[in-house]
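Close look at the chain arrangement
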Amino acid sequence: MLAARRPRSRRRPRAGAAGRRYDRERIHRARDHAFAILAETLTGRPVEADDPAAAKSLCREVIDRWSAEPGRTPADAARVFRAAARGDHALF
């Protein structure tokens, strides 16, 4: 019989490579924010939903649909990433 594991605190940074500590929750929030900015750049407007999980899913769907359109090139993707990084949302 295995011993029950104590639940970890979500706020405590976890150990990473070479003993470094990472705040994974903060990393995930930053990633989700970056996806939202990229989706907004692609659509020209904020991508919103009532639930944070639904908003995250909607942003990923916007990105997936944009990238799956026929004729998209790596140059198109690079242009969008540069625009999102600059905060220039008026691409299309």
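In short, a report on the structure. These figures come from a predicted structure and were not determined experimentally. (Residues numbered from 1 in each chain as written. Predicted model: local features only at pLDDT ≥ 70, side-chain atom pairs only at ≥ 80, totals over all residues. Heavy atoms only, no water.)

1. Examining the overall build of the protein
Put simply, the rule reads: Put simply, DSSP marks the helices as runs of H or I at least four residues long and the strands as runs of E at least two long, and each gets a number from the N terminus on. Working definition: with a 1.4 Å probe on protein chains only, accessible area under 20% of the residue-type maximum means buried, over 50% means exposed, and in between means partly exposed. Pairs of residues are marked as contacts when any of their non-hydrogen atoms sit within 4.5 Å. Per-residue and other accessible areas were derived by the Shrake-Rupley procedure at a 1.4 Å probe size, with only the shown protein chains allowed to occlude residues.
When helices and strands are tallied, the protein shows 3 helices and 2 strands. Going from N to C terminus, the protein has its helices and strands arranged as β-β-α-α-α. Expressed as a percentage of its 92 residues, the buried residues of the protein come to 15%. The contacts in the protein between residues at least 6 apart in sequence include a share of 41% that link residues at least 24 apart. Surface summary for the protein: the accessible area is close to 7,500 Å², and the carbon and sulfur share equals 54%.

2. Re the nonpolar core
Cut-off, in case you're wondering: What is meant by a nonpolar core is a set of buried Ala, Val, Leu, Ile, Met, Phe, Trp, Tyr and Cys residues, joined one to another through side-chain atoms within 4.5 Å.
Core analysis: the biggest nonpolar cluster contains 10 residues, these being L38, A39, L42, V47, C59, V62, I63, W66, V80 and A84. Mapped by element, the contributors of at least two residues to this core are α1 (24–43), α2 (52–68) and α3 (74–86). When residues of this core are assigned to their parent elements, the largest contribution, 4 residues, is made by α2. Setting aside residues up to four positions removed in sequence, V47 forms contacts with A39, E40, L58, C59 and V62.

3. Some points on the pattern of salt bridges
To be explicit about the condition: Throughout this description, the term salt bridge denotes a Lys or Arg side-chain nitrogen within 4 Å of a carboxyl oxygen of Asp or Glu.
Applying the stated criterion across every chain yields a total of 5 salt bridges. K56 serves as the salt-bridge partner of D32, at 4.0 Å between the closest nitrogen and oxygen. One end of the pair, D32, is in helix α1; the other, K56, is in helix α2, with 24 residues separating them in the sequence. Given a relative accessible area of 27%, D32 falls into the partly exposed group. The exposure class of K56 is partly exposed, given its relative accessible area of 33%. Linked by salt bridges that have partners in common, R31, D32 and K56 make up one network.

4. Things to note about the environment of D76
By secondary structure assignment, the location of D76 is in helix α3. If sequence neighbours within four positions are ignored, D76 has contacts with W66 and G71.

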